[in-house]
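Chain by chain, the residues:
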Amino acid sequence: MEKYAILYVDDDHENLRAFRRLFRKEYQILLAESGEEGLELLQSQSPIPIIITDQRMPEMTGIEFLEKTRELSPDSIRIIITGFTDVQALIDAINTGRVYRYITKPWDEQELYVTLKRAIESYELKQNNERLLKDLQRKHEELERSYQHLQEAQHKLIQSEKLASIGRLASRIAHELRNPIQGIRMGIELLRQELMEPNHPEGFQESCRTNLQHIDQEITVANTIVKDLLEYARDMKFDFTEADVNEIIDGILFNLSEKVTDAQITVTPHYSDIGTITADGIRIRQAIMNIIQNGIEAMSPGGTMTITTASHGDDAIRITIQDTGCGMTDEQQQRLFEPFFTTKEKGVGLGMSIVHRIIETHGGTIDIDSTPGSGTTFMITLPGTMSPE
Ligand SMILES: Nc1ncnc2c1ncn2[C@@H]1O[C@H](COP(=O)(O)OP(=O)(O)OP(=O)(O)O)[C@@H](O)[C@H]1O
Ligand SMILES: [Mg+2]
């Protein structure tokens, strides 16, 4: 075990020798005959856990000496040995914290032994606490640094994600527009060739008309893409009034009845008495319509869709749209609300990003549960149920 150092200062040689004899087994004993000598030792030997001194010494008293040790060795435990004179100076020294204990002269071996033991314990405790404190401080600083790094990394990530999504968006727009533009160019080229013929063959007019029709169709496709994009990019206007969600769904199903029959699927609504909510009915209709349409497109003949409305908590409603369609992989679910994300040949991929914006503007949420191969459930929660009456 480590031997702690004790500095003992006394002008009496006998005492110095006796002290060394008593404690050298347990401690590393440093001796000094005067305060001056003690200070020199301290300068070369720190840290010294315990400084113990006689009070009555020529030139420098014990209390004066201890006072001077405070700067050189602030962590040391200071003990003074004195007779019953100088009591007031002693009391002051103890009260101001310069001295930890005093021992009366002549010392009692047992008392001195116990005092030194306690002093060492107290020193260790202080050291330990300081170590802990430093450790805590270091950990705190580390945490602070990690937090800063994380913030910087997150910032970079957001920037690069933004760039990536603008890139994806641009390439999808280009991709979407390339097909109709190519169709238009081809149609024009055919027309030009026909017009350049010196003699117009039979059926010339008919062929021109077909080509023009084709060009017109491609222009319509390009136009739709641009219109959808504008709709998405424009600041959507919202007009909040009372909306009856059950009625909205009924209207959508009526509108889609032909599509449902063609797709050979069944759609079953289950309405609860949910009253009205404060919402933009036309936008909510647009959102629900998009989700239902996606569901229909995801299913093969024989598929079923269930639409449920219900109260949710105290002041919200929940619309659940469940289909038995192709489902989505995790990656598809993550990209679902991304503009222009589509897995369909003729899809534009704006439907769900518009849904997201509409529900968000209403302070609602969309939860998705989807399994590839077995189907998808959309759960829309909207706040603001009014009482049914
Ligand atoms: N109910 C569903 N089942 C399976 N996949 C779905 C479902 N709803 C959406 N998806 C997936 O999410 C993609 C994005 O849907 P979104 O409605 O945004 O675009 P889209 O239907 O492809 O095109 P459009 O802009 O014409 O609606 C779809 O292409 C499809 O892969
Ligand atoms: Mg869609």
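Remember, it's a predicted structure, so these values are computed and weren't measured experimentally.

## Quick word on the site of ligand 1
Not every one of the 20 residues close to ligand 1 is listed here, only the nearest: Asn294, Thr342, Thr343, Lys344 and Met352. One of the side-chain nitrogen or oxygen atoms of threonine 343 is found 2.5 Å away from an oxygen atom of ligand 1. Taking methionine 352, its main chain carries an N or O atom lying 2.7 Å from an oxygen atom of ligand 1. The protein chains hide 91% of the 590 Å² of surface that ligand 1 would expose on its own. Among the elements of the structure, helix H8 (281-298), helix H10 (351-361) and strand S12 (375-383) are those that each provide at least two residues to the shell around ligand 1.

## Points about the sheet that holds strand S2 (residues 28-32)
On the basis of which strands lie adjacent, the open sheet formed by five strands has the order S2-S1-S3-S4-S5 and parallel pairing. Here the strands that pair on one side only, and so sit at the sheet edges, are S2 and strand S5 (101-104). Between one strand axis and the next, the sheet turns by 20° as a mean value, whatever way the strands run. Taken strand by strand, helix H2 (residues 35-45) contacts strand S1 (5-9), S2 and strand S3 (50-54), and its axis lies near 140° from that of S2.

## Observations concerning the domain arrangement of the protein
For the protein, the domain assignment lists domain 1 (5-107), domain 2 (159-233) and domain 3 (241-383). Centre-to-centre, using C-alpha coordinates, domain 1 lies 86 Å away from domain 3.

## Quick notes on the nonpolar core
Ranked by size, the top nonpolar core spans 43 residues in total, and within it Ile288, Ile292 and Ile319 carry the most contacts. Contributions of two or more residues to this core are made by helix H7 (245-263), strand S8 (277-279), H8, strand S9 (304-311), strand S10 (316-323), H10 and S12. Not counting chain neighbours up to four residues away, the residues in contact with isoleucine 319 comprise Val245, Ile249, Ile288, Thr308, Phe378, Met379, Ile380 and Leu382. One finds Ile6, Phe19, Ile103 and Leu112 within the second-largest nonpolar core, a separate group that totals 22 residues.

## A closer look at the packing of aromatic side chains
What the rule picks out here adds up to seven aromatic pairs. Aromatic side chains phenylalanine 19 and phenylalanine 23 sit 5.0 Å apart centroid to centroid with 55° between the ring planes, which places their arrangement in the tilted category. Within this pair, phenylalanine 19 and its partner phenylalanine 23 are both found in helix H1 (residues 13-23), separated by four residues, close to a single helical turn. Both residues of the pair, phenylalanine 19 and phenylalanine 23, belong to the buried class. Taken together through their ring pairs, the aromatic side chains of Tyr8, Phe19, Phe23, Tyr27 and Trp107 make up a single cluster. The positively charged end of arginine 101 is found above the aromatic ring belonging to tyrosine 100, 4.7 Å away from the centroid. In this structure, arginine 283 is placed above the aromatic ring of phenylalanine 238, and the distance from its NZ or CZ to the ring centre is 5.7 Å.

Rules used in this analysis
Residues numbered from 1 in each chain as written. Chains lettered and ligands numbered in written order. Predicted model: local features only at pLDDT ≥ 70, side-chain atom pairs only at ≥ 80, totals over all residues. Heavy atoms only, no water. Near = heavy atom within 4 Å. Polar contact = N/O pair within 3.5 Å; in protein donor to acceptor, adjacent residues only side chain to side chain. Areas by Shrake-Rupley, 256 points an atom, 1.4 Å probe, with all protein chains shown as cover. Helix = DSSP H or I, 4+ residues; strand = E, 2+ residues; numbered from the N terminus. Pairing = 2+ DSSP bridges. Axes fitted to C-alpha atoms, helices over the stretch in contact; angles between N-to-C directions. Contact = heavy atoms within 4.5 Å. Domains from an automatic or database assignment. Core = buried A, V, L, I, M, F, W, Y, C linked by side-chain atoms within 4.5 Å. Buried < 20%, exposed > 50% of the residue type's maximum accessible area, 1.4 Å probe, protein only. Phe/Tyr/Trp six-rings, centres within 6.5 Å; stacked < 30°, edge-to-face > 60°. Lys NZ or Arg CZ within 6 Å of the ring centre and 35° of its normal.

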